[in-house]
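Fold and contact review
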Amino acid sequence: MNFSDALHLKYNIICELIENGSHILDLGCGDGTLLKMLAEKKHTYGKGIEISQENVIKCINKGLSVIQGNIDEGLEDFEGQNIDYVILNQTLQSVHKPDFVIDEMLKTGKKVIVSFPNFGYWRIRLYLLFKGKMPKSEMLPFEWYDTPNIHLLTVKDFFDFCEKRHINILKTILVRKARPIKSKFKRYFADIFAEEVVFVISG
Amino acid sequence: MPFAVIAEAYTLGNIPNEVAMKNSVGKVETKFYNYNGKITLSSGREFGPVQIAYETYGTLNDAKDNAILILHALTGDAHSAGYHSENDKKAGWWDEMIGPDKAFDTNKYFVISSNVFGGCSGTTGPSSVNPETGKRYGLSFPVITIEDTVTVQKLLIDYFGIKKLIVAGGSMGGMQAMSWAASYPEYVTKTIVIASSASSNAQSIAFNAVGRNAIFSDTNFNNGDYYDGDYPERGLSVARMIGHITYLCQESMHKKFGRRLQNKEKLTFDFGIDFQVESYLQHQGLSFVERFDANSYIYITKAVDYFDLEEQYGSLEKAFEKSNSSFLIISFSSDWLYPTHQSKEITQALVKAKKDVSFCEIKSPCGHDAFLLEFDTQTNIIKSFLKKDS
């Protein structure tokens with residue numbers, strides 16, 4: 001499976017979570033691939049927020065509405081907009097204030113979809129154990145000094161985070177090789193077998 | 001023309017007109033529309049008749065729904081694209097953006113560009129003759145606002161029978177575009193605001209005030225009544241020099257001029273022109289005087305200073321409340337006259353007003369003038385935005 005196929009499969013997981021015609025806000029929407037897919041498959045409407053000029057232009061080229069901005073500055077303008085889903089896809093680990101961003105998302109959207117690479121994945125654990133170096137993988141390809149991923153976390157960390165803050169977890173989808181893992185013991189083995197994870201949460 | 005010849009022409013930096021003409025709307029002429037009724041100005045005063053200088057490129061379709069109104073900045077004119085004659089050295093002021101297959105594609109759209117009310121390039125302004133007195137208006141011309149310029153443009157749009165249109169402009173043109181979207185929400189389908197602001201900030205008012213004072217302090221100004229005497233060219237050229245500094249930025253000026261001396265090896269120890277930047281500004285000032293009316297400069301800068309959508313509508317959100325338009329807001333990273341945060345304010349208000357809006361800050365070292373220089377990125381963004389379903 002090549003990289004773009006895998007990406008497509010992962011976007012599909014998020015796509016399946018969203019009802020037809022939903023109002024969405026995609027934070028850190030990148031080049032707009034997911035937004036475009038949602039608009040085509042689920043007839044969603046809404047905007048993306050993206051920090052890089054190059055990506056903003058790519059979004060506009062795709063006919064999407066996008067605002068160049070920094071999600072660490074908050075989502076105040078979007079409050080009271082009746083947004084069904086606020087999406088933070090593979091971006092949580094690179095924001096400066098993840099707790100603040102999640103709070104803002106919960107205030108803004110009826111439901112929030114958060115996905116991130118799981119730093120507790122067994123390969124990553126072994127990498128650190130045996131190599132003694134900051135783990136690198138296809139999902140985390142950067143060196144420690146140039147990585148945008150400044151807030152790496154594990155699935156367990158996120159469960160704890162939600163518990164402490166009384167955030168409702170509506171759905172947890174563990175992902176391995178770009179496909180959902182079907183397991184009865186999600187809660188306990190999640191941290192080991194999931195390469196990444198998608199949460200649906202609400203305030 | 002064979003490619004080799006074209007390529008050679010480009011490398012020589014001397015593009016024969018024939019070649020340039022091919023990529024443009026070609027030969028165009030400025031036309032005039034005369035409205036004989038009266039309009040009510042923001043000040044409450046009635047004014048008329050009004051003449052509007054305009055140019056059009058492309059063809060208006062039968063449904064009359066493919067029009068784009070291009071709105072010029074402070075000292076622009078109706079001639080935004082093409083050439084007035086085969087011997088023209090310069091094309092219209094936004095020729096790189098308007099034409100076949102360009103950002104504003106004249107194969108598809110009917111592009112209208114008019115000189116602003118209060119201006120001096122064919123539309124009624126202080127240098128026009130008041131039909132009641134037979135004399136030029138001078139300072140008896142009413143103080144006007146950006147909204148008044150839009151009121152006058154609307155006369156032209158009505159004359160064409162257009163009910164749906166796209167509006168686009170940079171700087172003061174962006175203010176007019178926003179004013180259009182706010183004043184005629186049922187007309188505007190798409191609004192493009194470049195390097196602009198929903199209100200003039202204290203700094204930009206200050207620079208305009210200094211410009212106006214330079215004109216007032218010229219003894220030739222004679223209270224605006226100089227048309228039969230000596231022209232206040234010192235004052236107007238200083239005003240232009242000040243304005244020009246605000247259109248550039250430190251980086252672009254440093255790159256362009258540094259501390260290089262003008263046609264000399266050493267400092268002269270007198271008060272003549274030592275530096276290239278001085279010479280450049282003087283040239284800008286003097287060449288401006290030849291094409292621009294001092295009174296128009298006073299009136300139009302005042303209109304820009306008065307512009308404040310928030311004050312006018314109670315809030316920026318309210319200004320756009322009724323609009324059905326999609327919006328594209330563009331700013332430039334090095335623009336300190338209308339800095340990015342002012343474009344963000346517009347964007348935020350549009351988000352709050354639940355409008356369809358995209359915002360992009362283009363990295364550029366060109367300062368405020370970037371909207372007249374950064375063609376590739378602007379073209380890329382605007383083309384996509386215009387293609388989008390509204």
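Residue numbering note: each chain is counted from 1, following its sequence as written. Lettering for chains starts from A, numbering for ligands starts from 1, and both go in the order in which the items are written. Predicted model: local features are reported for residues with pLDDT of at least 70 only, side-chain atom pairs are reported and counted for 80 or more only, and whole-chain, interface and lining totals are derived from all residues.

Secondary structure elements follow DSSP: runs of H or I of four or more residues count as helices, runs of E of two or more count as strands, with numbering from the N terminus. Scanning chain A from terminus to terminus reveals seven helices and eight strands. Taking the principal axes of its C-alpha atoms as reference, chain A extends roughly 45 × 35 × 30 Å. Put simply, chain A has 203 residues, and 37% of those count as buried. By the convention adopted here, residues make contact when the C-beta atoms placed from their backbones lie within 7 Å. Considering only contacts within chain A whose residues lie at least 6 apart along the sequence, 62% involve residues at least 24 apart. Using C-beta atoms placed from the backbone, we call a residue buried if 20 or more other C-beta atoms fall within 10 Å of its own, exposed if 12 or fewer do, and partly exposed for counts in between.

Turning to the overall build of chain B, a few remarks are in order. Across its full length, chain B holds 13 helices and 14 strands. As defined in this context, the radius of gyration uses C-alpha atoms, and a globule is described by 2.2 Å times the residue total to the power 0.38. Computed over C-alpha atoms, the radius of gyration of chain B comes to 21 Å, within 12% of the 21 Å expected from 2.2 N^0.38 for 390 residues, which places it in the range of a compact globule. Counting only C-alpha atoms and orienting by the principal axes, one finds that chain B spans roughly 65 × 60 × 40 Å. Burial status across chain B gives 50% buried among its 390 residues. Considering only contacts in chain B between residues 6 or more positions apart, those separated by 24 or more positions represent 70%.

All names here are of chain B. Taken N-terminus to C-terminus, the directions of helix 3 (residues 146-160) and helix 4 (residues 172-183) make an angle of 70°; their axes are 9 Å apart at the nearest point. The angle between the axes of helix 3 and helix 4 places the two elements in the roughly perpendicular class. Handedness of the crossing formed by helix 3 with helix 4: right-handed. Contacts from Ile146, Glu147, Thr149 and Val150 in helix 3 reach Met175, Gln176, Ser179, Trp180 and Ser183 in helix 4. Its residues placed into classes, the contact of helix 3 with helix 4 shows four nonpolar, four polar and one charged. For helices, the fitted axis covers only the stretch in contact; all axes are lines through C-alpha atoms, and the angles between them, taken along N-to-C directions, range from 0 to 180 degrees. For classification purposes, angles smaller than 35 degrees are called roughly parallel, those larger than 145 roughly antiparallel, those between 65 and 115 roughly perpendicular, and all remaining angles oblique. A clockwise turn of the near helix away from the far one marks a right-handed crossing, whereas an anticlockwise turn of less than a right angle marks a left-handed crossing. Following the grouping adopted for this structure description, the nonpolar residues are Ala, Val, Leu, Ile, Met, Phe, Trp, Tyr, Cys and Pro, the charged ones are Asp, Glu, Lys and Arg, and the polar ones are all others, Gly among them.

Turning our eyes to something else, we now look at the interface of chain A and chain B. Each partner contributes residues to the interface: chain A has 13 residues there, and chain B has 19 residues. Among the secondary structure elements, those contributing two or more residues to the side of chain A that touches chain B are helix 3 (53-61) and strand 3 (65-68) of chain A. With five residues, the top contributor of residues to the side of chain A that touches chain B is helix 3 of chain A.

What follows covers the nonpolar core. For this entry, the nonpolar core is defined as buried Ala, Val, Leu, Ile, Met, Phe, Trp, Tyr and Cys residues connected by C-beta atoms within 7 Å. Counting 153 residues, the largest nonpolar core has Ile68, Ile70 and Val167 of chain B as the members making the most contacts within it. Aside from chain neighbours lying at most four places away, what touches Val167 of chain B is Leu69, Leu71, Ala177, Trp180, Ala181, Val188 and Thr191 of chain B.

Here we take up unusual backbone geometry. Peptide bonds are mostly trans, and most non-glycine residues show a negative phi. A cis amide bond links Gly48 of chain B to the next residue, Pro49 of chain B, at an omega of -5°. The topology assignment puts Pro49 of chain B in the loop between strand 3 (46-47) and strand 4 (50-57). With a phi angle near 50°, Lys177 of chain A is a residue other than glycine that sits in the positive phi range. Relative to the assigned elements, Lys177 of chain A resides in the loop between strand 6 (168-176) and strand 7 (179-180). When the 9 C-beta atoms within 10 Å are taken as the criterion, Lys177 of chain A is described as exposed. Positive phi is not limited to glycine here, since Lys354 of chain B has a value of about 60°. Residue position: Lys354 of chain B is located in the loop between helix 12 (340-352) and strand 14 (356-362). Exposure remark for Lys354 of chain B: the 15 C-beta atoms within 10 Å place this residue in the partly exposed category.

So, on to the environment of Gly125 of chain B. Here Gly125 of chain B is to be found in the loop between strand 8 (110-114) and strand 9 (129-130). Sequence-wise, Gly125 of chain B and Met241 of chain B are 116 residues apart; in three dimensions their C-alpha atoms are separated by 23 Å.

So, about the environment of Phe47 of chain B. Residues and elements named next belong to chain B. Its location among the elements puts Phe47 in strand 3. Residues Phe47 and Phe141 lie 94 residues apart in sequence; the distance between their C-alpha atoms is 9.2 Å. What Phe47 contacts, discounting residues up to four positions off in sequence, is Lys38, Ile39, Leu41 and Pro142.

Attention now goes to the packing of helix 6 (residues 233-247) of chain B against helix 8 (residues 276-291) of chain B. Residue and element names in this part refer to chain B. Running from N to C, helix 6 and helix 8 cross one another at 125°; their axes reach a closest spacing of 8 Å. Compared by their axis directions, helix 6 and helix 8 come out oblique. As for the relative orientation of helix 6 and helix 8, their crossing is right-handed in sense. Of the residues in helix 8, those touching helix 6 at Glu233, Leu236, Ser237, Val238, Arg240, Met241 and His244 are Leu281, Gln284, Gly285, Leu286, Phe288 and Val289. Of the residues contributing to the contact of helix 6 with helix 8, the split by class is seven nonpolar, four polar and two charged.

Here we come to helix 3 of chain A. Every buried residue of helix 3 of chain A is accounted for by Val56, Ile57, Lys58, Cys59 and Ile60 of chain A. On its buried side, helix 3 of chain A packs onto strand 2 (45-50) and strand 3 of chain A together with strand 14 and helix 13 (375-387) of chain B. The positive-phi residue at the C-terminal boundary of helix 3 of chain A is Gly63 of chain A, with phi of around 80°.

Time to look at the confidence of the model for chain B. Parts of the prediction with low pLDDT should not have their coordinates interpreted in detail. All names here are of chain B. On a scale of 0 to 100, pLDDT captures the predictor's confidence in every residue. Mean pLDDT for chain B: 94, with 94% of residues reaching 70 or above. Predicted confidence for residues 1-16 stays below pLDDT 50, and this span has ten contacts to residues more than four positions away or in other chains. Model confidence for the complex: the whole-complex pTM is 0.94, and ipTM, which rates the interface, is 0.93.

All names here are of chain A. Those residues of helix 4 (residues 98-108) not exposed but buried are Pro98, Val101, Ile102, Glu104, Met105 and Thr108. Looking straight down helix 4, one finds that the buried residues subtend no more than 160° of arc, so they occupy a single side. Packing partners of the buried residues in helix 4 comprise strand 1 (23-27), strand 4 (83-89) and strand 5 (109-117). Comment: arc refers to directions from the helix axis out to C-beta atoms.

With that out of the way, let us pick up the pairing of strand 8 (residues 196-202) of chain A. All names here are of chain A. Sheet topology note: the strand 5/strand 8 ladder contains six bridges and is antiparallel. Bridge assignment links Val114 to a residue of strand 8, and that residue is Phe199. With seven bridges joining them, strand 6 and strand 8 adopt antiparallel strand pairing. Of the residues in strand 8, the one forming a bridge with Thr172 is Phe199. We treat two strands as partners when DSSP finds at least two bridges between them.

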